[in-house]
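# Structural features, examined
As a plain string of letters, each chain reads:
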Amino acid sequence: MIKIEQQYENIYLISEKTRYEAREIKSLFPDNKIFICDFALSDLNTAILNDAEVEKIDQCFVWQDMICVDHHAPHESMSKKISSVNLAYDLRINHPEIFADDFVVVINHADTDSLLSALMIAGIFEPDQKWLF
Ligand SMILES: [Mn+2]
């Protein structure tokens, strides 16, 4: 059972475990638009590995109405060295329209790329190139 460990503004740190299904995250925030930063969904990864058609916005996969800002996806676009911060930056710069309504940001750990990508997606930190890797 996942639980919310910490909340700051619209950023939620959930308990860390090895696998997450999309529905587990959605059940925590059933009424919200959800951005996931810097961790993977196992069912999304399965779809990617099976070459399923998965919608993308910029370099981020859209899965079960959630936008996954995560560089861990098993996809060729992520095989180069890239940080979730870069994905967050590009999304913020290129797609301001998807941030117009209320939303939540979900992270499952609190290292640098997780926090920076979440702060940028949440709109608390302005996107700045100095944080790119
Ligand atoms: Mn991380």
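Since this is a predicted model, take the numbers as computed values, not measurements. (Residues numbered from 1 in each chain as written. Predicted model: local features only at pLDDT ≥ 70, side-chain atom pairs only at ≥ 80, totals over all residues.)

### Things to note about the pairing of strand 5 (residues 60-63)
Our working rule: Criterion used throughout: strands pair if DSSP finds at least two bridges between them. In this text, helices come from DSSP runs of H or I with a minimum length of four residues, and strands from runs of E with a minimum of two, each type numbered from the N-terminal end.
Sheet topology places strand 4 (residues 56-57) next to strand 5; 2 bridges connect them, and they run antiparallel. The partner of Lys56 across the bridge, within strand 5, is Phe61. As consecutive antiparallel partners, strand 4 and strand 5 are separated by 2 residues, and within that stretch Asp58 has a phi angle of approximately 55°, a positive value. In this structure, strand 5 lies alongside strand 6 (residues 66-69), joined through 3 bridges in antiparallel fashion. By the bridge assignment for strand 6, Phe61 is matched with Cys68. Counting the residues in the hairpin turn of strand 5 and strand 6 gives 2 residues, including Gln64, whose phi is positive at 50°.

### Some points on the nonpolar core
Generally speaking, soluble globular proteins have nonpolar side chains that are buried together. Put simply, the rule reads: The term nonpolar core means buried Ala, Val, Leu, Ile, Met, Phe, Trp, Tyr and Cys residues held together as one set by C-beta atoms within 7 Å. Backbone-placed C-beta atoms define the burial measure: a residue is buried with 20 or more other C-beta atoms within 10 Å of its own, exposed with 12 or fewer, and partly exposed in between. Contact between two residues is assigned whenever their backbone-derived C-beta positions fall within 7 Å.
Ile36, Cys37, Cys68, Val69, Ala88, Val105 and Val106 are the most contacted members of the largest nonpolar core, which totals 34 residues. Residue assignment for this core shows that the elements contributing at least two residues are strand 2 (11-14), strand 3 (33-37), strand 5, strand 6, helix 3 (84-94), strand 7 (103-107) and helix 4 (112-122). Those residues within four positions of Val69 in sequence are excluded, and the remaining contacts are Phe35, Ile36, Cys37, Cys60, Ser84, Leu87, Ala88, Leu91, Ser117 and Ile121.

### Quick notes on the environment of Phe39
With respect to the element layout, Phe39 can be found in the loop between strand 3 and helix 2 (42-49). Sequence separation between Phe39 and Val106 is 67 residues; the distance between their C-alpha atoms is 9.1 Å. The contacts of Phe39, once residues within four sequence positions are left out, are Tyr20, Asp70, His72 and Asn108.

### Thoughts on helix 3
Buried residues of helix 3: Ser84, Val85, Leu87, Ala88, Tyr89, Leu91 and Arg92, and no others. Along its buried surface, helix 3 packs onto strand 3, strand 4, strand 5, strand 6 and helix 4.

### Notes on the environment of Ile124
With respect to the helices and strands, the residue Ile124 is situated in the segment after helix 4. Among the residues examined, Ile124 registers 13 C-beta atoms within 10 Å and is labelled partly exposed. Once the C-alpha coordinates of Ile124 and Lys56 are considered, the two residues, 68 residues apart in sequence, prove to be 24 Å apart. Beyond its immediate chain neighbours, meaning those up to four positions away, Ile124 contacts Glu9 and Leu119.

Such coordinate-based values are descriptive only and should not be taken to indicate function.
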